[in-house]
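Here's the letter readout for the chains.
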Amino acid sequence: MFWCGMNGEAYEWWECHYTPPRAGLYFYEFYIDTWHGCLRLGRGFGGEDTLDPKAPKWQLTVYGKGFRTPDWLAGGVMYQIFPDRFYGSGVKKENVPADRTLRNDWEGEPVWRPNEKGEVTNSDYFCGDLRGVEEKLPYLKSLGVTCVYLNPIFEAHSNHRYNTADYSRIDPLLGTREDFESLCRAAKRHGIRILLDGVFSHTGSDSIYFNREGRYPNPGAYQSKESPYYPWYSFQNWPQQYESWWGFITLPNVKENNPEYNRYINGEDGIVRSWIRRGSSGWRLDVADELPDEFLDNLRAAVKGEDPDAMVLGEVWEDASTKSAYGQRRKYLLGTQLDSVMNYPFRDAILGFLTGADAACMMDRILSIVENYPSQVVRLLMNHIGTHDTERALTVLGGEPTGNRGREWQSTACLSPEHRQRGLRLLRLAAVLQFTLPGVPCVYYGDEAGMEGYKDPFNRRCYPWGKENKELIEWYRRLGAMRAFCPCLREGSLEPFHVGDHILSYFRYGDGDALFCAVNRGEHPKMLYLPHDWRGARVLFGTGADEDGGVFLPPYGCAILYLAPPEPQPEPEPEQGEKEMPEPQETVQEADVSSLTASELASRGPVSKRI
């Protein structure tokens, strides 16, 4: 290391230049010789050093040369749709299996009780479809949505469709291949991309590949060792005993690295490429941590070979940079596998902070992810606060934790008017954090409408068309307009400001512009004092800074301020004799826009001051 200067009177700067020999994770620490002897410095809270002998090392994530991720998602807004429950076009479908229960009570409770055999079959359908999604594209556009992530749409014999029956066909209740292609074309006209859900670690037992239930005419792996699909599966005692996903016999695991299975999924004419050709802009990979490295390498090569700008996003619940599975450290983010991941650590931090967890600990969790992930991954993080696998965010923020309570309690539980009102106030703050932290916010369908619900299937009720919370939807629209309005939210840096005492606040610095965000989760008002240059900032939410730089935060309130890049100055005209000196013009501050609608906000463009 070499000495390179002082930072005031308190700190010295030392540097070293090091080029890692290969992609991977590198961990480092420091030793300093003092009159006390040689002392070890490890990574302490917030990334600063500590002499604690148990402190971990710092982490350096080194990715491969040429690793790039799609530009089109950065700065955008994602929207997750559970297809059966979003919107139904009412168009009659062909070839629908007779063993499905088709519901006509859109507001009804999903079936959750076991049948007479003690099985939960998930065979009731509310008949949402792809044409219904297409009809609602203008609504999604009004929210600022730029990418729709669809839960599985391929033929499967359950309403969640995570037990794929045929990767090559759209489920008949959702429509046809032509309906999917029409949806993708229409979405692109609205500036929206479609992301598909790929379930490649297992299939359904009731599928053309396994065919345990005998639904399909040709023999599957369960019926014949001569089936072309037999080598895809691992049998301990054919046909009754086989490896299955988490022990569910309806979900037999596949051997992802079997050459024929890999060719079927990732080959030149395989599933991955064919659906991109039909209009998809990429894949979200279910249980990505259960897909082996070789398969993920092949899948990324297939996706990028078909469309270099297509997305590969993985479901990983932990810090994806240090995740271990299959007895080894995974390499999701090193440039040969995933473009980004579902950001569960941010969800835990956002909901944790708003339900009473220490603000500094939550910010440290956020900063650790930003520090550990490559920047091109961070800008595309899927920042959700709820999905089909978790309780609804509003329920978490306003209600009681599920704890050990069973489905009987969950099915009838709903927020009291008082708890719902508090939950709505906190949900607005959660959305503010979700939309302003690094990454891309992903709204789980109906969260913006005020939907409640505990775990599956109560978090998968139908969207309440005509009974939405319109004020909450407008809040999301304004946040969506802000995303398009502020370049620094694409991939700007994150710098904490005041963290603690019920406050979480930070700056996002871009290339010339900046945004300040502050959230007060407490029941008492707070005042924050910003640097001098923020006194003229444009107010997007809340109130602006006063003449002393003070920003007022009401109880359960927030403030978002924006500094636009300076407007380019015109080139001076060449002098042609004397000219009369123009009168000085007054600097006019842009008006407060905190009460503007989303469309009005978007139409004004990024301006802080005009001369």
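Quick notes on the rules
- Along each chain, the written sequence defines residue order, and numbers are assigned to residues from 1.
- At least 70 in pLDDT is required for a residue's local features to be given in this predicted model, at least 80 for side-chain atom pairs to be given and counted, and no such filter applies to totals for whole chains, interfaces and linings, which use all residues.
- Side-chain measures here rest on the full set of heavy atoms in the structure, leaving out hydrogens and waters.
- Note on classification: 1.4 Å probe, protein chains only; a residue is buried when its accessible area is under 20% of the maximum for its type, exposed when over 50%, partly exposed between these limits.
- Helix and strand assignments follow DSSP, with helices taken as H or I runs no shorter than four residues and strands as E runs no shorter than two, numbered in order from the N terminus.
- By this definition, two strands are paired if DSSP reports at least two bridges between them.
- As a rule, the C-alpha atoms of each element are fitted with a line to give its axis, helices using only the stretch in contact, and angles between N-to-C directions run from 0 to 180 degrees.
- Take the far helix as your reference; a near helix turned counterclockwise from it by less than a right angle gives a left-handed crossing, and one turned clockwise gives a right-handed crossing.
- Contacts were defined at the residue level, with two residues in contact if any of their heavy atoms lie within 4.5 Å.
- Residues are grouped as follows: Ala, Val, Leu, Ile, Met, Phe, Trp, Tyr, Cys and Pro are nonpolar; Asp, Glu, Lys and Arg are charged; every other residue, Gly included, is polar.
- Looking at any residue, its pLDDT shows the predictor's confidence there, from 0 to 100.
- In the analysis that follows, any N or O atom pair within 3.5 Å is treated as a polar contact, provided that within protein one partner can donate a hydrogen and the other can accept it, and provided that, for residues neighboring in sequence, both atoms belong to side chains.
- The span one expects for a helix is its residue count, reduced by one, times 1.5 Å.
- A pair of sulfur atoms, both from cysteines and within 2.5 Å, is called a disulfide here.
- Every case where a carboxyl oxygen of Asp or Glu lies within 4 Å of a side-chain nitrogen of Lys or Arg is listed as a salt bridge.

A. Region of interest: the pairing of strand 26 (residues 514-520). Extensive coverage of strand 26 is indicated by the burial of seven of its seven residues. The alternating pattern of strand 26 places Ala514, Phe516, Ala518 and Asn520 on one face and Leu515, Cys517 and Val519 on the opposite face, and all of these are buried. For strand 25 (residues 503-509) and strand 26, the ladder comprises seven bridges, and the chain directions are antiparallel. The residue of strand 26 that forms the bridge with Ser505 is Ala518. The hairpin formed by strand 25 and strand 26 contains four residues between the paired strands, and Gly512 there has a positive phi angle of roughly 110°. Direction of pairing for strand 26 relative to strand 30 (residues 557-563): antiparallel, over a ladder of seven bridges. Of the residues in strand 30, the one forming a bridge with Ala518 is Ala559.

B. Representation of the sheet that holds strand 4 (residues 30-34) within the structure. A sheet is described by the order of its strands in space; here three strands give the open sequence 4-5-6, paired in antiparallel fashion. Across the chains shown, the open sheet's two edge strands, defined by having one partner strand only, are strand 4 and strand 6 (49-50). Bridge count for strand 4 against strand 5 (residues 37-43) is five bridges, and the pairing is antiparallel. Of the residues in strand 5, the one forming a bridge with Ile32 is Leu39.

C. Summary view of the packing of helix 7 (residues 344-354) against helix 12 (residues 417-436). The contact between helix 7 and helix 12 brings their axes to 10 Å, and the two run at 145°. By crossing handedness, the relation of helix 7 to helix 12 is classed as right-handed. Judged by residue contacts, Ile350, Phe353 and Leu354 of helix 7 engage Leu426, Leu429, Ala430, Leu433 and Gln434 from helix 12. Residues belonging to the contact of helix 7 with helix 12 are distributed by class as follows: seven nonpolar, one polar and no charged.

D. The confidence of the model for the protein chain, seen in detail. Across the protein chain, the average pLDDT comes to 92, with 93% of residues at or above 70. Below a pLDDT of 50 lies the segment residues 601-611, which in the model reaches 39 contacts outside its immediate sequence neighbourhood of four places, other chains included.

E. Structural view of the environment of Trp3. Here Trp3 lies in strand 1 (residues 2-7). Expressed as a C-alpha distance, the spacing of Trp3 and Glu15, which sit 12 residues apart in the sequence, is 6.6 Å. What Trp3 contacts, discounting residues up to four positions off in sequence, is Glu12, Trp13 and Trp14. Here Glu12 takes part through its side chain, which lies 3.5 Å from a polar atom of the side chain of Trp3.

F. Region of interest: helix 13 (residues 470-485). Given a rise of 1.5 Å per residue, 16 residues ought to cover 22 Å, and the 22 Å separating the end C-alpha atoms of helix 13 matches this to within 8%. Here helix 13 starts with a cap whose side-chain oxygen sits 3.3 Å from the backbone nitrogen of Glu471, and that cap is Asn469.

G. Fine view of unusual backbone geometry. In this model, Trp238 is joined to Pro239 through a cis peptide bond whose omega is 0°. With respect to the helices, strands and loops of the structure, Pro239 is situated in the loop between strand 15 (235-237) and strand 16 (241-242). Omega for the peptide link from Asp456 to Pro457 comes to 5°, which places this bond in the cis form. Within the secondary structure, Pro457 sits in the loop between strand 23 (440-444) and helix 13. Of note in the backbone geometry, His502 takes a positive phi value of approximately 70° without being a glycine. Structurally, His502 is set in the loop between strand 24 (493-500) and strand 25. With a relative accessible area of 36%, His502 lands in the partly exposed category.

H. Local environment of the state of the cysteines. Applying the stated rule across the entire model yields zero disulfides. Just so you know, Cys127 is unpaired, no disulfide at all, and the nearest cysteine sulfur is the one on Cys462, 9.3 Å from it. By relative accessible area, Cys127 is classed as partly exposed at 22%.

I. A look at the pattern of salt bridges. Throughout the structure, instances matching the rule amount to 44 salt bridges. Linking Arg273 and Glu306 is a salt bridge whose minimum nitrogen-to-oxygen distance equals 3.1 Å. Taken together, the residues Arg273 in helix 5 (residues 271-277) and Glu306 in helix 6 (residues 293-306) connect sequence positions 33 residues apart. Of the residues examined, Glu306 reaches a relative accessible area of 24% and is grouped as partly exposed. Among the charged side chains, a salt-bridge network with shared partners connects Glu268, Asp269, Arg273, Arg277 and Glu306.

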